[in-house]
Amino acid sequence: MNKEQRINVKFCVKNGISGTKTLWMLKIAYGDNCLSQTQVFEWHRRFREGREDAAKYLLENEPVISGHIIIEINDSQCTCLAFEMDTR
């Protein structure tokens with residue numbers, strides 16, 4: 001769940017939301033499972049300074065896997081049509 005929260009911190013940074021408000025929103029969403037204030041402010045600073053990856057550690061020669069989900073929305077129903085995966 002920590003990576004999910006770090007991704008949410010990144011989202012807040014990209015939308016110009018302060019570290020304090022980001023922490024407040026995470027506390028509402030995650031309650032007792034929220035990252036600490038120190039962790040939130042540290043990740044907020046890292047993303048503000050240009051870090052892109054939300055992984056806690058990047059290992060040397062670790063493969064990066066990305067993909068795209070193609071969906072179809074029809075009458076309030078979403079259907080996954082395909083998942084295209086790229087490995088780098």
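Residues numbered from 1 in each chain as written. Predicted model: local features only at pLDDT ≥ 70, side-chain atom pairs only at ≥ 80, totals over all residues. Heavy atoms only, no water.

**Q** Any chance you could explain the environment of Ser 18 here in plain terms?
**A** Checked against the element boundaries, Ser 18 lands in the loop between helix 1 (2-14) and helix 2 (19-30). It is 8.3 Å that separates the C-alpha atoms of Ser 18 and His 44, two residues lying 26 residues apart in sequence. (Helix = DSSP H or I, 4+ residues; strand = E, 2+ residues; numbered from the N terminus.)

**Q** Even after reading the chapter, I still don't get the packing of aromatic side chains, so can you show me in this structure?
**A** Applying the stated rule across the entire model yields one aromatic pair. Across the ring face of Trp 43, the terminal group of Arg 6 is positioned such that the distance to the ring centre comes to 5.1 Å. Arg 46 extends its terminal NZ or CZ atom over the ring of Trp 43, reaching a point 4.5 Å from the ring centre. (Phe/Tyr/Trp six-rings, centres within 6.5 Å; stacked < 30°, edge-to-face > 60°. Lys NZ or Arg CZ within 6 Å of the ring centre and 35° of its normal.)

**Q** Is there a simple way to explain the packing of helix 2 against helix 3 (residues 37-48) in this structure?
**A** Geometrically, a packed helix pair is captured by the angle between its two axes and the distance between the axes. Where helix 2 contacts helix 3, the two axes come as close as 10 Å, and the packing angle between them is 130 degrees. Classified by the interaxial angle, the pair formed by helix 2 and helix 3 is oblique. Here helix 2 and helix 3 pass one another in a crossing that is right-handed. Contacts between helix 2 and helix 3 involve Gly 19, Thr 20, Thr 22, Leu 23 and Leu 26 from the former and Gln 37, Val 40, Phe 41 and His 44 from the latter. Across the contact of helix 2 with helix 3, the residue classes break down as four nonpolar, five polar and no charged. (Axes fitted to C-alpha atoms, helices over the stretch in contact; angles between N-to-C directions. Parallel < 35°, antiparallel > 145°, perpendicular 65-115°, else oblique. Left-handed = near helix turned anticlockwise from the far one by under 90°. Contact = heavy atoms within 4.5 Å. Nonpolar A, V, L, I, M, F, W, Y, C, P; charged D, E, K, R; others polar.)

**Q** How should the confidence of the model for the chain be read in this particular structure?
**A** Counting all residues, the mean pLDDT for the chain is 76, and 61% of those residues have values of 70 or more. Within the chain, the element-level pLDDT minimum falls on strand 2 (residues 77-87), averaging 52, and the maximum on helix 2, averaging 93. Here residues 59-65 is modelled with pLDDT under 50, and outside its nearest four sequence neighbours on either side it reaches eight contacts, counting other chains as well. (pLDDT = per-residue confidence, 0-100.)

**Q** Is there a simple way to explain the environment of Gly 19 in this structure?
**A** Here Gly 19 is to be found in helix 2. For Gly 19, a relative accessible area of 12% gives the class buried. The residues touching Gly 19, leaving out its near neighbours within four places in the chain, are Val 40, Phe 41 and His 44. (Buried < 20%, exposed > 50% of the residue type's maximum accessible area, 1.4 Å probe, protein only.)

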